[in-house]
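Remarks on the overall topology
Chain by chain, the residues:
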Amino acid sequence: MIYQRSSALFKEAQNYIPGGVNSPVRAFKSVGGTPLFIKKAKGAYLTDEDNRSYIDYINSWGPMILGHTHPEVLAATTEQLKSGFSFGTPTELETEIARLIISLVPNIDQIRMVNSGTEACMSAIRLARGYTNRDKIIKFEGCYHGHSDSFLIKAGSGAITFGNPNSPGVTQGTAKDTLLAKYNNLASVEQIFEENKDHIAAIIIEPVAGNMGCILPDPEFLKGLKSLCEKNKTLLIFDEVMTGFRLDIAGAQKRLGIDADIVTFGKVIGGGFPVGAFAARKEIMDFLAPNGPVYQAGTLSGNPIAMRAGFTTLNLLKDDLDLYKRIDLATETLTKEIKAILTEKGIAHQVNQLGSMMSVFFAEHKVNDFDTAQKANHTLFNKFFHHMLENGVYIAPSGYETWFISDAIKQPEIDKTLEAVRSFSM
């Protein structure tokens, strides 16, 4: 039994932790089997409790763009630890990282640090409602913006995997203020505006969806959303928790050429520590306490350890002008070669990719929204997942998740990954 230690640990964990995990998708419920318990990571590799190593294409679900335990991030964070773990007071470092992010990202003047992507998106919605004095929001089927009540309406990622897109515990009163549209379907959004004129505070969207698999926006879709928002005095919120500082040093706004009114961040800006943030123009952020009436607070927001890790990571990204070219090229190579291998095998597939995000769907049809993602062959994906795992390649344990490529993944890791794909059979 190759996962003997992980199996024992999982059995023990279930006695004390619901389902044995602290986040549902880790439980392997979608793909079957026993989740791996990881004890260490370095560069492109994870090592589990059975001392097996894996090329990591999850990368902590996106943050580890430089690879695990990058020496400069490790050194800076270790040094920061010596000065204290948490103060509950302002620090100069918070201003430094805020100034850096604002200098890099278009169309934002101020930023508020929080502790997670969920908290960032929840706060962005509250701010949008306070600023517009409207109650309703539009979200898209299959997009996941964290587990706040307003978002667990046909959500993506783990909510799909567990068959609870409308989670128990979300009240009817909350649900009625979340209006569902179809990703890449502008007509569905136009119809919602026609039926709810003057009531919609914001549209929130993953500009490149990552929680129903990697789904790319059609060329005119985001432009159409921007136009509808301007016409109806509604705010456009880009959830860049995944795409921020991953698709580009300025995120999806820059890469796709669309300015949002509010942007949320997470993942990369914490360098592997729990961090989220939301940002906007000053006129919007002025509605936030203590300047304005919209309340938001957090004891550990701006934690100095997380800020140091994030500040160091962002500076490394900013100063290495070729980094995004490298990881994009690595991801493009994987995409091209995986397509070629699966085509040669006669296995129906679609590989969606933008920048260092990609997904493999086993489907003949184009996958461009929640419905088409659902129609892919997830049974075959589950078999593919376990085959890759047994061959030392760790991809996300769900057909509704995205691969995240790090700068630590070089040609040897690509070659080993492709070798594993070549040995896969239906």
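Residues numbered from 1 in each chain as written. Predicted model: local features only at pLDDT ≥ 70, side-chain atom pairs only at ≥ 80, totals over all residues. Heavy atoms only, no water.

In the annotation of an unreviewed UniProt entry, the entry for the chain reads Glutamate-1-semialdehyde 2,1-aminomutase, and the organism field reads Weeksella virosa. What UniProt states about the chain under its Catalytic activity (unreviewed entry) heading is, verbatim, "(S)-4-amino-5-oxopentanoate = 5-aminolevulinate". Of the chain, the UniProt comment under Subunit (unreviewed entry) reads exactly: "Homodimer." (UniProt positions renumbered as here; feature names shortened; annotations may be inferred.)

**Here's the deal with the packing of aromatic side chains**
Applying the stated criterion to the full structure yields 12 aromatic pairs. Seen in terms of ring centroids, Tyr183 and Phe221 are 5.5 Å apart; in terms of plane orientation they differ by 50 degrees. Their pairing is tilted. Separated by 38 residues along the polypeptide, Tyr183 in the loop between strand 6 (178-181) and helix 7 (186-195) and Phe221 in helix 8 (residues 221-232) bring together distant segments of the chain. Like Tyr183, the residue Phe221 is buried in the burial classification. Pairwise contacts between aromatic rings join Phe362, Phe381, Phe384 and Phe424 into one cluster. (Phe/Tyr/Trp six-rings, centres within 6.5 Å; stacked < 30°, edge-to-face > 60°. Helix = DSSP H or I, 4+ residues; strand = E, 2+ residues; numbered from the N terminus. Buried < 20%, exposed > 50% of the residue type's maximum accessible area, 1.4 Å probe, protein only.)

**Topic: the nonpolar core**
Ile101, Ile138, Phe140, Phe245 and Leu317 are the most contacted members of the largest nonpolar core, which totals 63 residues. Element by element, the count of residues in this core is highest for helix 11 (residues 304-319), at 7 residues. Counting contributing residues per domain, this core is built from domain 1 (4-69 + 321-423) and domain 2 (71-319), each supplying no fewer than three. Ignoring any residue separated from it by four or fewer positions in sequence, one finds Phe245 in contact with Ile65, Ile101, Leu104, Val105, Gly251, Phe265, Val268, Ile269, Leu314, Leu317 and Tyr324. Ile58, Trp61, Phe385 and Ile395 belong to the second largest nonpolar core, which has 40 residues in total. (Core = buried A, V, L, I, M, F, W, Y, C linked by side-chain atoms within 4.5 Å. Domains from an automatic or database assignment. Contact = heavy atoms within 4.5 Å.)

**Observations regarding the layout of surface pockets**
Here the second largest pocket defines a volume of roughly 400 Å³. If you trace the second largest pocket, you find 19 residues lining it, with Thr89, Pro90, Glu94, Ser301 and Gly302 closest to the centre. Those elements giving two or more residues to the lining of the second largest pocket turn out to be helix 3 (92-104) and strand 4 (110-114). For the lining of the second largest pocket, the per-class residue count stands at 7 nonpolar, 10 polar and 2 charged. (1 Å grid on protein atoms, 1.4 Å probe; cavity = no way out; pocket = protein on both sides within 12 Å on 5 of 7 lines; lining within 4 Å. Points joined across faces, edges and corners; volume = space filled by probe spheres on them. Nonpolar A, V, L, I, M, F, W, Y, C, P; charged D, E, K, R; others polar.)

**Quick look at the sheet that holds strand 13 (residues 393-394)**
Read from one edge of the open sheet, 4 strands run 1-2-3-13, paired in mixed fashion. A strand with exactly one partner marks an edge of an open sheet, and here the two such strands are strand 1 (38-42) and strand 13. Relative to strand 13, strand 3 (residues 53-56) runs parallel, the two sharing 2 bridges. The residue bridging Ile55 from the neighbouring strand is Val393, located in strand 13. Across the sheet, helix 15 (residues 411-422) is in contact with strand 2 (45-48), strand 3 and strand 13; its angle to strand 3 comes to roughly 100 degrees. (Pairing = 2+ DSSP bridges. Axes fitted to C-alpha atoms, helices over the stretch in contact; angles between N-to-C directions.)

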